Structure formats: C-alpha cells, structure tokens
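# Examination of the molecular architecture
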Amino acid sequence: LSIVVLISGGGSNLRALLEASTDAQYPARVIAVGSDTDASGLAFAEEFGVPAFTVYPSSFDSRAAWGDELLAQITQWSPDLVVCAGFMRILPPRVVAALSPNLINTHPALLPAFPGAHAVRDALAAGALQTGVTVHIVDEGVDTGPVLVQQAVEVRGDDTENSLHERIKVVERELLVQAVLDIANNRLALTPNHPDSPRSST
Ligand code: GRF
C-alpha cells in the first residue's frame, strides 16, 4: 500500500509510519510527504530518504487554487492512501472529492467530541475525565468523516495541554500504524459512510 503523508508540524506520527515501513513485513510504504509549511517533521522524510513537497497557501490567491496544487503534487505519486497526520489545514472540497475515501486523518479526541484544531485543550477545559484518539475517513466537513478506529486516553488531574497531548500521541502513533496495517490487509474497509450503515468504530 503506497502512502502519501501530509503534515504541518513535528511529524511524530509520520515518523512512526516511516519506522514501521522499514519493516519488510509491514505492507505499507510512505512514498512521499507533503506539507503546507516548513514543518520540522520534514526532517524525518529526509532522514528516511522519502521525497517531500511543500505547497504554501500564501503562494496562492485562493484556498481552491492552493488545494488544486496540493492535489496535483499528491496525485503525481499515485498513492493508494493519503494520511493526514497533524496536517492543520482543511482540505478544499475538490481535494476531498478526488481522494476520499482513500484519505484518512488522525485526531487527538474521541470524535464527535472535541473536533477542530484545539481538541486537547478543549477536552481539558471541558473537564473531561477521558479523551482519546480517532482515525477517520476525511469528508468535506471538519473532523466529521466516518470513524475507522478509536482508543480512549485517561485525563489526569494534573494534566496540562502538553502532558495530555503527549500521552495521547503515544496511543495515536500506535493506533495510526495499526490502522494503516489493517487497511493494507483489508481488515479495515475504507467505505464512505452511508446513512443506513452503522458507524464502523471497531
Ligand atoms: C497529532 O496529535 C495530531 O492528531 C494533531 O496534532 C498532532 C500532530 O503531531 N492534529 P505530529 O506532528 O504528528 O507530531
């Protein structure tokens, strides 16, 4: 299974996928890494010898034009799957339409709880006793696509946003690597959600 991973930041989830794909038994390969910024995580692509591309929103006069260029850069690699791992942009509708359902995202909360860019902070602020990680198919909404897999993470009384996010990321890396493995092995189906089908939260 060939994968393009999109990042915006530190790339620890990307690194987990890169490390997994060094195992000959792991049936997925990261073939390129994309970003919207000079993400520090791009260093992992270099370290693992994986090509990287950056498409800066500021270079375009509209979100749609930025999305079209990002899509062109992604599709030139003909990936089987695109993984958003800490990618902090909303993909324009044309990009989602072209890639989904072979387009997944990892989110540091138990969706539909705490969608958006500040999920960990929001869970803490809400006094949640438990939050977690969700890997889901990306649709046109923000963190609203069909859930593929979730895992809970406890919130501790002395947690800061950072300590809680770090504990979430430990679970997240494992959940994402496993989800990609299950997709590669057809144990996890990337089917767009139909109103009549139950939400797959296995
Ligand atoms: C991850 O927890 C991701 O779910 C969230 O931001 C974090 C990115 O971490 N959107 P990294 O860039 O993979 O280290």
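- Looking at an unreviewed UniProt entry, one finds the protein named Phosphoribosylglycinamide formyltransferase, with Subtercola frigoramans as its source organism.
- Under the Pathway (unreviewed entry) heading, UniProt states for the protein: "Purine metabolism; IMP biosynthesis via de novo pathway; N(2)-formyl-N(1)-(5-phospho-D-ribosyl)glycinamide from N(1)-(5-phospho-D-ribosyl)glycinamide (10-formyl THF route): step 1/1."
- One UniProt comment on the protein, placed under Function (unreviewed entry), says "Catalyzes the transfer of a formyl group from 10-formyltetrahydrofolate to 5-phospho-ribosyl-glycinamide (GAR), producing 5-phospho-ribosyl-N-formylglycinamide (FGAR) and tetrahydrofolate."

## Digging into the overall build of the protein
- The helix and strand inventory of the protein stands at six helices and seven strands.
- Helices and strands in the protein line up, N terminus first, as β-α-β-α-β-α-β-α-β-α-β-β-α.
- With the principal axes as the frame, the protein shows a C-alpha extent of 45 × 35 × 35 Å.
- Classification of the 202 residues of the protein by burial places 47% in the buried group.

## With respect to unusual backbone geometry
- Note the cis peptide between Ser 100 and Pro 101, where omega equals 5 degrees.
- Of note in this structure, Ser 78 is not a glycine but carries a positive phi near 45 degrees.
- Along the chain, Ser 78 turns up in the loop between helix H3 (63-75) and strand E4 (81-85).
- With a phi angle near 55 degrees, Phe 114 is a residue other than glycine that sits in the positive phi range.
- By secondary structure assignment, the location of Phe 114 is in the loop between strand E5 (103-107) and helix H5 (119-125).
- Here Phe 114 falls in the partly exposed class, since its relative accessible area comes to 22%.

## Digging into the side chain of His 136
- Within the secondary structure layout, His 136 lies in strand E6 (residues 130-137).
- The class of His 136 is buried, set by a relative accessible area of 2%.
- If near-sequence neighbours (up to four positions away) are discounted, His 136 is found in contact with Leu 103, Ile 104, Asn 105, His 107, Leu 111, Asp 143, Thr 144, Gly 145, Pro 146, Val 147 and Leu 148.

## Side note on the pairing of strand E1 (residues 2-7)
- Among the six residues that make up E1, six are buried, leaving the element largely enclosed by the rest of the structure.
- Side chains of E1 alternate between two faces, with Ser 2, Val 4 and Leu 6 and Ile 3, Val 5 and Ile 7 buried alike.
- Inspection of the sheet shows E1 paired to strand E2 (residues 29-35) by six bridges, in the parallel sense. Paired with Val 4 across the strands is Ala 32, a residue of E2.
- Read as a crossover between parallel neighbours, the route from E1 over helix H1 (residues 12-20) to E2 is right-handed.
- Here E1 pairs with E4 via four bridges, running parallel. Paired with Val 5 across the two strands is Val 83, which belongs to E4.

## Some thoughts on the UniProt feature "binding site: (6R)-10-formyltetrahydrofolate" (unreviewed entry) in the protein
- UniProt's entry tags Arg 63, Met 88, Arg 89, Ile 90, Leu 91 and Asn 105 with the feature "binding site: (6R)-10-formyltetrahydrofolate" (unreviewed entry), counted in the numbering of this structure. Lining residues of the largest pocket, restricted to the annotated ones just named, are Met 88, Arg 89, Ile 90, Leu 91 and Asn 105.
- Here Leu 91 shows up in the loop between E4 and helix H4 (93-99).
- Overall, Leu 91 belongs to the buried group, its relative accessible area being 7%.

## Regarding the sheet that holds strand E3 (residues 52-54)
- An order of E3-E2-E1-E4-E5-E6-E7 is seen for the seven strands of this open sheet, with the pairing classed as mixed. The sheet is open, and its two borders are formed by E3 and strand E7 (147-154), each paired with just one other strand. If you compare each strand with its neighbour and ignore which way they point, the axes differ by 20 degrees on average.
- Two strands pair when backbone bridges link them, and E6 and E7 are joined in this way by seven bridges, in the antiparallel orientation. Opposite Gln 130, over in E7, you have Glu 154 as the bridge partner.
- H1 rests against E1, E2 and E4 of the sheet, and its axis sits at about 160 degrees to E2.
- Packed on one face of the sheet, helix H6 (residues 161-184) meets E1, E4, E5, E6 and E7 and runs near 155 degrees to E7.

Rules of the game
Residues numbered from 1 in each chain as written. Predicted model: local features only at pLDDT ≥ 70, side-chain atom pairs only at ≥ 80, totals over all residues. Heavy atoms only, no water. UniProt positions renumbered as here; feature names shortened; annotations may be inferred. Helix = DSSP H or I, 4+ residues; strand = E, 2+ residues; numbered from the N terminus. Buried < 20%, exposed > 50% of the residue type's maximum accessible area, 1.4 Å probe, protein only. Contact = heavy atoms within 4.5 Å. Pairing = 2+ DSSP bridges. Right-handed = clockwise from strand over helix to strand, strands pointing away. 1 Å grid on protein atoms, 1.4 Å probe; cavity = no way out; pocket = protein on both sides within 12 Å on 5 of 7 lines; lining within 4 Å. Axes fitted to C-alpha atoms, helices over the stretch in contact; angles between N-to-C directions.

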